[in-house]
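# Report on the structure
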Amino acid sequence: MEKVVCSSFFLILAATFALSGQLVNADGDFNHHEALDEEGKFELLWKFDDEKIEFEARVQTTGWVGLGLSPNGGMPGSDIAIGWVKDGTAHLTDRYADAKAQPPVDESQDWELVSGYENETHTVLRFNRKLTTCDDKDRVINEDTMRVLWAWHDEDPADESGVNGPAYHGTNRGVRSTVLLSNIIAPPNFTETNYTTVDLLMNNVAIPDRTDTTYWCQIFQMPELPSKHHMIKYEPIITPGNEGLAHHLLIYSCEKDKNVTFLPEEHPGHRCRSPNMPMDWWPCYDGSLVAAWAIGAEEFVYPEHVGFPFGGADDSRYLLMEMHYDNPQLTSGIRDSSGLRLTLSPELRDNDLGILEVGVKVSPFHVVPPRAEGFVSAGFCNTNCMNAFLEELGQPIHIIGLELHSHLLGVKMSAKLIRNGTEIEIARDDNYDFNLQFTRMLKEEVTVYPGDTLVTECTYRSTEKDKITYGGPGTSEEMCEAFLTYYPRFNLTFCDSLPNVYSTVSFAGVENFQVDGRNFVITAPERLVNKTYREVMETVTWTDEKAQQFSKSLLEGPLPFHTICRATHQSTVNTTPLATALPFPRGIRTGPEDICSGRTPPGQATTRVPVVVGDGSGASRPGLPAVMIFACMVALVLTVWKP
């Protein structure tokens, strides 16, 4: 059994920031704060309301300071503010970049200077801007991931622009991904006066250097608690130097009163789902999701009315942690002891919290074509599953936050709820960054009632790819998932779907196939017989247009999606009859108010249209009987199959 480190102490919180030898409150009247550079020389503080955002830049320079909002991390297309303090007077200019050069001054000066000063070492500028300015040279500031550019120079400019304008920054520049309009709750919101911390850490794992993706598992035993506790916070503890290696982790609760193989304290654990992993670890995957963490996320503090339960009558003391290591350079000799620190309190909150995953089932039948500018995939939670578990709970659930998760090709993600034919957006990120994944707290809770359908949608950009990217756990493969944080906890943990397999392969020209054990056997047409599933999919001449046709054929086609839902040990719900084939759910999408034109875009009725199947030419193909299609699909999805 892996060692668990515990300590109890009284909560004392203080946050300070050192500036020119003085202790300055890191937040002041600001509630967000980040160091944009590795050395902490560019500190950015901010706050926002429904209309404006206000920044304070504290930079170790006595020259000019620059802050920009970029669409992709580069200068072209960026909205930039450059300011300085000269002879006691603060200056600020609103600019835009159309090239990698000195950004010209914008005709519309929307960045407003509030104050500024400098001392012997630092320049401090406070400035604000409307979230939406309606200036086509400005970027809208919303809840998307923003690529924030930062730069400085050690000298003030003589003029605003031209040869005497801001000089080239040299190496004093960079980019950082962040979510400016984040509703994350800060640690000072703790109301508890005492708590216990538990460290769940890997034990000096030797990271394999022959594969870029490794899933590593370890079993932990929680301390014996005298009464029910609530987890009120968790935070990552990453081995120094391994910040890019530990990609994400999931923690599951194992079943109570079941035998679990514990390892010697010095044992590092096992590869997940491998023959070496003890068989009695496998059922832990059917337990509740305790925590989900991914790269870029920092500590996560729960709102005051919720906590994750530990130590109750039905609770197991045993946890399974699954860590995803990403080693794309196949570097050898790396050791890791990363994990999570859980904060538990005996002062119970009003509600038990849970985590529910909704999206596309992780499978090689999840296909992302190459050369696509914006290929859309989506998965949903079968309403039959949701209804059954809500009925078992006896009340609706309330979503308070979520983590969006895809891999390297993901550029946009959203989570939605469909109720009575209307689509309600829970959260979205139109500028998704694989390296910044965290739980986004909702401004307003979203209630899920019987009859509601949850949907996760992903948009992928694969213009640099020459071959298909298939669904899978590896970083070079793809996923499309949302981990929803909600209350009160019920017994549904995973609720996914997958496009009909026949819809997928018929686009490449397959007319008939069989499932022979773990093998996918094509029987018609003759020209595709003896080809593997992947060989067939690669026969399509993929273009962006063809990729859009493929997406439309899957999401709007006549064949149903396969659905899967997974219950916890405590549930009495039989999920087998619930996993029925259903058409992809569609709803009326209401556009946001366009404040720049004073009108609201009309709702878009997302009605289903006939699917185009075949070899990509648009020619129709003879289909399989629906019952046979569904049977084949179920067999393939539920079988451990290697394409």
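Since this is a predicted model, take the numbers as computed values, not measurements. (Residues numbered from 1 in each chain as written. Predicted model: local features only at pLDDT ≥ 70, side-chain atom pairs only at ≥ 80, totals over all residues. Heavy atoms only, no water.)

With that settled, the discussion passes to the pattern of salt bridges. For side chains of opposite charge, pairing can occur when their charged atoms come near one another. Per the counting criterion, the structure on display carries 27 salt bridges. The partner of D29 in a salt bridge is K47, and the shortest N-O contact between them spans 2.9 Å. Linking D29 in the loop between β3 (22–25) and β4 (32–35) with K47 in strand β5 (residues 42–48), this pair joins segments that are 18 residues apart in sequence. The exposure class assigned to K47 is partly exposed, which follows from its relative accessible area of 24%. A salt bridge links K41 to E39; the nearest nitrogen and oxygen atoms lie 3.2 Å apart. Overall, the relative accessible area of 26% leaves K41 in the partly exposed class. Salt bridges sharing common partners tie together D29, K47, E54, E56, R58 and R126. (Salt bridge = Lys/Arg side-chain N within 4 Å of Asp/Glu carboxyl O. Helix = DSSP H or I, 4+ residues; strand = E, 2+ residues; numbered from the N terminus. Buried < 20%, exposed > 50% of the residue type's maximum accessible area, 1.4 Å probe, protein only.)

So, about unusual backbone geometry. Note the cis peptide between Y487 and P488, where omega equals -15°. With respect to the helices and strands, P488 occurs in the loop between β36 (480–487) and β37 (492–498). Look at R371: it is not a glycine, yet its phi comes out positive at around 65°. Among the structural elements, R371 can be located in the loop between β28 (367–368) and β29 (375–380). Judged by relative accessible area, which is 35%, R371 ranks as partly exposed. Notably, N420 is not glycine yet its phi reads approximately 55°, a positive angle. By secondary structure assignment, the location of N420 is in the loop between β31 (410–419) and β32 (422–429).

Reading across the sheet, the five strands line up as β19-β16-β23-β18-β20 and stay open at both edges, with antiparallel pairing between neighbours. Two strands close off the open sheet at either side, each with one partner strand: β19 (270–271) and β20 (289–294). The pairing of strand β18 (residues 246–253) with β20 spans five bridges and is antiparallel. Following the sheet pairing, L249 is matched in β20 by W293. (Pairing = 2+ DSSP bridges.)

With that out of the way, let us pick up the sheet that holds β36. Strand order in the open sheet formed by six strands is β33-β30-β36-β27-β37-β40, and the pairing between neighbours is mixed. Edge positions in the sheet fall to β33 (440–448) and β40 (562–567), since each has one partner strand and no second. Each neighbouring strand pair of the sheet contributes to a mean axis angle of 25°, computed without reference to strand direction. Here strand β27 (residues 354–360) pairs with β36 via six bridges, running antiparallel. Residue pairing for β36: L356 is matched across the bridge by L484. Sheet strands touched by helix α1 (residues 383–393): β27, β30 (397–406), β33, β37 and β40. Its angle to β37, the strand with the most contacts, is close to 170°. (Axes fitted to C-alpha atoms, helices over the stretch in contact; angles between N-to-C directions. Contact = heavy atoms within 4.5 Å.)

Bringing the pairing of β5 into the picture now. Of all seven residues in β5, five are buried; the element is thus mostly enclosed. Here four bridges tie β4 to β5, and the two strands are oriented antiparallel to one another. Within β5, the residue paired with H33 across the bridge is L45. Both β5 and strand β6 (residues 52–59) contribute to a ladder of seven bridges, which runs antiparallel. Its bridge partner lying in β6, E43 is registered against R58.

What follows is about helix α4 (residues 544–555). Over its twelve residues, α4 runs 17 Å from end to end, which matches the ideal 16 Å to within 8%, given 1.5 Å per residue. Buried within α4 are the following residues: K546, A547, F550, S551, S553, L554 and L555. In the core, the buried residues of α4 are packed alongside β28, β29, α2 (501–506) and α3 (533–537). (Expected span 1.5 Å × (residues − 1).)

When you line up the elements, T171 lands in the loop between β12 (146–152) and β13 (173–178). On the basis of relative accessibility, which here comes to 73%, the residue T171 falls in the exposed class.

Okay, the packing of aromatic side chains next. A full pass over the atoms with the stated rule returns 27 aromatic pairs. Here Y252 and Y285 contribute two aromatic rings whose centre-to-centre distance is 5.1 Å and whose plane-to-plane angle is 70°, an arrangement assigned as edge-to-face. In this pair, Y252 is assigned in strand β18 and Y285 in the loop between β19 and β20, connecting sequence segments 33 residues apart. Here the two residues Y252 and Y285 agree in accessibility, since each one is buried. Among the aromatic side chains, those forming a connected cluster through ring pairs are F365, Y470, Y502, F513, F520 and Y533. Stacked on the ring of F30, the Lys or Arg K47 has its end atom at 5.5 Å from the ring centre. Lying across the ring of F308, R489 places its NZ or CZ 5.1 Å from the centre. (Phe/Tyr/Trp six-rings, centres within 6.5 Å; stacked < 30°, edge-to-face > 60°. Lys NZ or Arg CZ within 6 Å of the ring centre and 35° of its normal.)

Quick look at the confidence of the model for the protein now. Confidence along the protein averages 86 in pLDDT terms, with 87% of residues attaining 70 or more. Contacts of residues 1–27 to residues separated by more than four positions or lying in other chains number 71 contacts, the stretch itself having pLDDT below 50. Taken together, the stretch residues 599–643 has pLDDT below 50 and engages in 103 contacts with residues farther than four places along the chain or on a different chain. (pLDDT = per-residue confidence, 0-100.)

A word on the side chain of T61. With respect to the helices and strands, the residue T61 is situated in the loop between β6 and β7 (65–70). Other than its neighbours up to four places away in sequence, T61 contacts T121, H122, T123, W152, H153 and D154.

Per the counting criterion, the structure on display carries six disulfides. One disulfide in the model links C134 with C596; its S-S distance is 2.1 Å. With the S-S dihedral at roughly -95°, the linkage between C134 and C596 falls on the left-handed side. Here C134 is found in the loop between β11 (123–130) and β12, whereas its partner C596 is found in the loop between β41 (588–589) and β42 (604–605), with 462 residues between them in sequence. The partly exposed category is assigned to C596, whose relative accessible area is 45%. Here C217 pairs with C272 through a disulfide, and the sulfurs are 2.0 Å apart. (Disulfide = S-S within 2.5 Å.)

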